[in-house]
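Per-entry structural report
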Amino acid sequence: ASTHLFCLEHPDEVKRLEWSPSGTMLATASSDGSVNVWNTSQNCDASNTLAHALVGHEDTVFDVAWVPYGSSAHAVGGRLMSVSHDFTVRAWGVDPCAT
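Residue indices follow the written sequence of each chain, beginning from 1 at its first position. Reporting in this predicted model follows two pLDDT cut-offs: at least 70 for local features of residues, and 80 or more for side-chain atom pairs to be given and counted; totals over whole chains, interfaces and linings ignore these cut-offs and use all residues. To obtain the side-chain values, all non-hydrogen atoms of the structure were used and water was disregarded.

Note on strand geometry: in a regular strand, side chains alternate between the two faces of the sheet. In terms of burial, strand β3 (residues 34-39) is a largely internal element, six of the six residues being buried. Covered by surrounding structure in β3 are S34, N36 and W38 together with V35, V37 and N39, the residues of both alternating faces. Criterion used throughout: strands pair if DSSP finds at least two bridges between them. Each helix is a run of H or I in the DSSP string that is no shorter than four residues. Each strand is a run of E no shorter than two, and both are numbered from the N terminus. With five bridges connecting them, strand β2 (residues 25-30) and β3 associate as antiparallel partners. For A29, the partnering residue across the bridge sits in β3 and is V35. Counted along the chain from β2 to the antiparallel partner β3, the turn is three residues long, and its residue G33 has a positive phi close to 90 degrees. Alignment of β3 against strand β4 (residues 49-55), held across six bridges, turns out to be antiparallel. Each residue gets one of three labels from its accessible area relative to the maximum for its type: buried under 20%, exposed over 50%, partly exposed in between, using a 1.4 Å probe on protein chains only.

Any carboxyl oxygen of Asp or Glu within 4 Å of a side-chain nitrogen of Lys or Arg constitutes a salt bridge here. Applying the stated criterion across every chain yields a total of three salt bridges. We note a salt bridge from E13 to K15, for which the minimum N-O separation is 3.5 Å. Each member of the salt-bridge network shares a partner with another, and the members are R16, E18 and D63.

Strand order across the open sheet formed by four strands is β1-β2-β3-β4, with antiparallel pairing between neighbours. One side of each edge strand has no neighbouring strand; the edge strands of this open sheet are β1 (14-19) and β4. Going across the sheet, the axis of each strand differs from the next one's by a mean of 20 degrees, ignoring polarity. Fitted lines through C-alpha atoms give the axes, limited to the stretch in contact for helices. The angle between two N-to-C directions lies from 0 to 180 degrees.

This part is about unusual backbone geometry. In this structure, F87 takes a positive phi of about 70 degrees despite not being glycine. Owing to a relative accessible area of 80%, F87 belongs among the exposed residues under this scheme.

Another aspect to go through is the nonpolar core. Grouped together as the largest cluster of nonpolar side chains are 12 residues: M25, A27, A29, V35, V37, L54, V61, V64, W66, L80, W92 and V94. Elements that contribute at least two residues to this core include exactly β2, β3, β5 (61-68) and β7 (89-94). Whether two residues are in contact is decided by their heavy atoms, any of which lying within 4.5 Å being enough. Excluding residues within four positions of it along the chain, A27 makes contact with R16, L17, E18, N36, V37, V64, W66 and L80. To qualify as a nonpolar core, a set must consist of buried Ala, Val, Leu, Ile, Met, Phe, Trp, Tyr and Cys residues joined through side-chain atoms within 4.5 Å.

Take the sheet that holds strand β6 (residues 78-84) next. The three strands lie next to each other as β5-β6-β7, forming an open sheet whose pairing is antiparallel. Of all the strands in the sheet, just β5 and β7 have a single pairing partner and so form its edges. Direction aside, neighbouring strands of the sheet carry axes that sit 25 degrees apart on average. Alignment of β6 against β7, held across six bridges, turns out to be antiparallel. Within β7, the position partnered with L80 by the bridge is W92.

Here the focus is the environment of L54. When you line up the elements, L54 lands in strand β4. Residues L54 and S34, 20 residues apart in the sequence, show an inter-C-alpha distance of 6.0 Å. Those residues in contact with L54 that lie beyond four places of it in its chain are S34, V35, N36, V37, L80 and W92.

As structure tokens, then:
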């Protein structure tokens, strides 16, 4: 077994963590209203770095969930859903190797 250490830089409290179905990305939801996606894949040059800073909510984001592309639960990439106290649900397209 291996241990991974991540420095999840949010200016405010992280409310939720969610691994992508493939295990190559980690999404974080924060009290600052942001959703970050961290690349944890060894197949990308940007391994263990911030791949996406998703901004659009106006209040605390308290949950995130992955909806994979295609029929495979292990599909790489996908749509990330986020839910906020601003009474919105947002859907984000996520490219696993984008920076």
